[in-house]
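Coordinates in review
Spelled out, the chains give:
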Amino acid sequence: MSILLLAGSPSLNSRSSGLLKFIGNKLNLLGYSTKTVTIRDIPAEPLLHANIKDESLSEALNTVNVVDAIVLATPIYKAAYSGLLKVFLDVLPQNGLENKYILPVGSGGSAHHTLALDYGLRPVLTSLSAKNILPSIYALDAHFQVDKDGAGATITDDLTERINNGVERLHEHLLALQRNKSIHFNHIQFSNIKYSV
């Protein structure tokens, strides 16, 4: 089963992208194949003009289409998720997140924005037909430090526990999905059904 790590920060070495890598490593250890799409790497003009014929944008949209789950990470600015993430979500088709498990992750400097993912992002994900949105993970900047090269992170025990819980929830849902996919039903022709009244 495949998982998309969607980085919604406009910054090169952002805290939210560091968290995303940390979560991606945990998912890899569980045996999942992960693919990272960093929205800031998609050329601005095709993204802003919703030019889905552009190769970079088309490839990113196709990745969204083929994965089973998405972990999306965004910084929280002024009580809202990043505008860059919003532009990308606007390009997705109306049912672009249908049947996908979504784990929203956000980072910010204030505890006042703890519910920004639930009040701001969750309705947008729902409008894109996402029915399986897991409880979000909001991380205060004070609770973790991303290495300068972005390769690793130092995280408090409390945040580590919340991330582990989020990864475990996603893992459980994907295992259930895999079990459901392995169940096959034999189709029976209506004319072969015998009934009595």
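All values derive from a computational prediction rather than experimental measurement.

A closer look at the nonpolar core
Counting 32 residues, the largest nonpolar core has Leu6, Ile70, Phe88, Leu97 and Leu125 as the members making the most contacts within it. It is helix H5 (residues 116-127) that contributes the most residues to this core, five residues altogether. Setting aside residues no more than four positions away along its own chain, Leu97 makes contact with Val64, Ile70, Leu92, Ile102, Leu125, Leu128, Ser129 and Ala130. Judged by nonpolar contacts, the second largest core, of 26 residues, contains Leu27, Ala73, Tyr101 and Val146.

Brief notes about helix H3 (residues 55-66)
Taking 1.5 Å per residue, twelve residues should reach 16 Å; H3 reaches 16 Å between its end C-alpha atoms and fits that length. By the burial criterion, the buried members of H3 are Leu57, Ala60, Leu61, Thr63 and Val64. Buried residues of H3 fall within an arc of 155° about the axis and therefore sit on the same side. Opposite the buried face of H3, at more than 90 degrees from it, the exposed residues are Glu55, Asn65 and Val66. At its buried positions, H3 is contacted by strand E1 (2-7), strand E2 (33-38), helix H2 (44-48), strand E3 (69-77) and helix H4 (83-91). The backbone nitrogen of Ser56 has a side-chain oxygen 3.1 Å away, supplied by the residue at the start of H3, namely Asp54.

Observations concerning the pattern of salt bridges
Tallying each qualifying case throughout the model produces six salt bridges. Here Arg15 ties to Asp141 by a salt bridge, and the two come within 3.9 Å at their closest N and O atoms. Taken together, the residues Arg15 in helix H1 (residues 15-29) and Asp141 in the loop between strand E7 (137-140) and strand E8 (144-146) connect sequence positions 126 residues apart. A relative accessible area of 27% places Arg15 in the partly exposed class.

Quick notes on the pairing of E2
Looking at chain direction, E1 and E2 are connected through six bridges and run parallel. Along E2, the bridge assignment pairs Leu4 with Lys35.

Examining the environment of Gln178
Structurally, Gln178 is set in helix H6 (residues 157-182). Relative accessible area serves as the criterion here: at 43%, Gln178 is assigned to the partly exposed category. A sequence separation of 177 residues divides Gln178 from Met1, and the C-alpha atoms of the two residues are 7.9 Å apart.

Re unusual backbone geometry
Of note, Ala50 is a non-glycine position whose phi angle comes to about 55°, a positive value. Classification of Ala50 by relative accessible area gives partly exposed; the value is 42%.

Observations concerning the packing of aromatic side chains
The tally for this structure, following the rule as stated, stands at zero aromatic pairs. Geometry around Phe144 places Arg15 over its ring, the cationic atom sitting 5.6 Å from the centre.

Considering the environment of Asp157
Topologically, Asp157 is positioned in helix H6. Residue classification places Asp157 among the exposed positions, given a relative accessible area of 68%. In this structure, the C-alpha to C-alpha distance between Asp157 and His143, residues 14 residues apart in sequence, is 8.7 Å.

Describing the side chain of Lys100
Structurally, Lys100 can be placed in the loop between H4 and strand E5 (101-108). No salt bridge is formed by the buried Lys100; the nearest opposite charge belongs to Asp68, separated by 6.6 Å. A polar contact is formed between the side chain of Lys100 and the backbone oxygen of Asn65, at a distance of 3.0 Å. Residues within four places of Lys100 in sequence aside, it is in contact with Val64, Asn65, Val66, Val67, Asp68, Ile70 and Asn132.

Remarks on H1
The terminal C-alpha atoms of H1, which comprises 15 residues, lie 22 Å apart, in line with the 21 Å expected from a rise of 1.5 Å per residue. Two residues or fewer past H1, Gly31 is found with a positive phi of approximately 100°.

A short note on the confidence of the model for the protein chain
Model confidence for the protein chain is summarised by a mean pLDDT of 88, while 88% of its residues fall at 70 or above. Per-element averaging of pLDDT across the protein chain places strand E9 (residues 153-155) at the bottom with 75 and E1 at the top with 97.

How each quantity is defined
- Residues numbered from 1 in each chain as written.
- Predicted model: local features only at pLDDT ≥ 70, side-chain atom pairs only at ≥ 80, totals over all residues.
- Heavy atoms only, no water.
- Core = buried A, V, L, I, M, F, W, Y, C linked by side-chain atoms within 4.5 Å.
- Buried < 20%, exposed > 50% of the residue type's maximum accessible area, 1.4 Å probe, protein only.
- Helix = DSSP H or I, 4+ residues; strand = E, 2+ residues; numbered from the N terminus.
- Contact = heavy atoms within 4.5 Å.
- Expected span 1.5 Å × (residues − 1).
- Arc of directions from axis to C-beta.
- Polar contact = N/O pair within 3.5 Å; in protein donor to acceptor, adjacent residues only side chain to side chain.
- Salt bridge = Lys/Arg side-chain N within 4 Å of Asp/Glu carboxyl O.
- Pairing = 2+ DSSP bridges.
- Phe/Tyr/Trp six-rings, centres within 6.5 Å; stacked < 30°, edge-to-face > 60°.
- Lys NZ or Arg CZ within 6 Å of the ring centre and 35° of its normal.
- Lys, Arg positive; Asp, Glu negative; His and termini not counted.
- pLDDT = per-residue confidence, 0-100.

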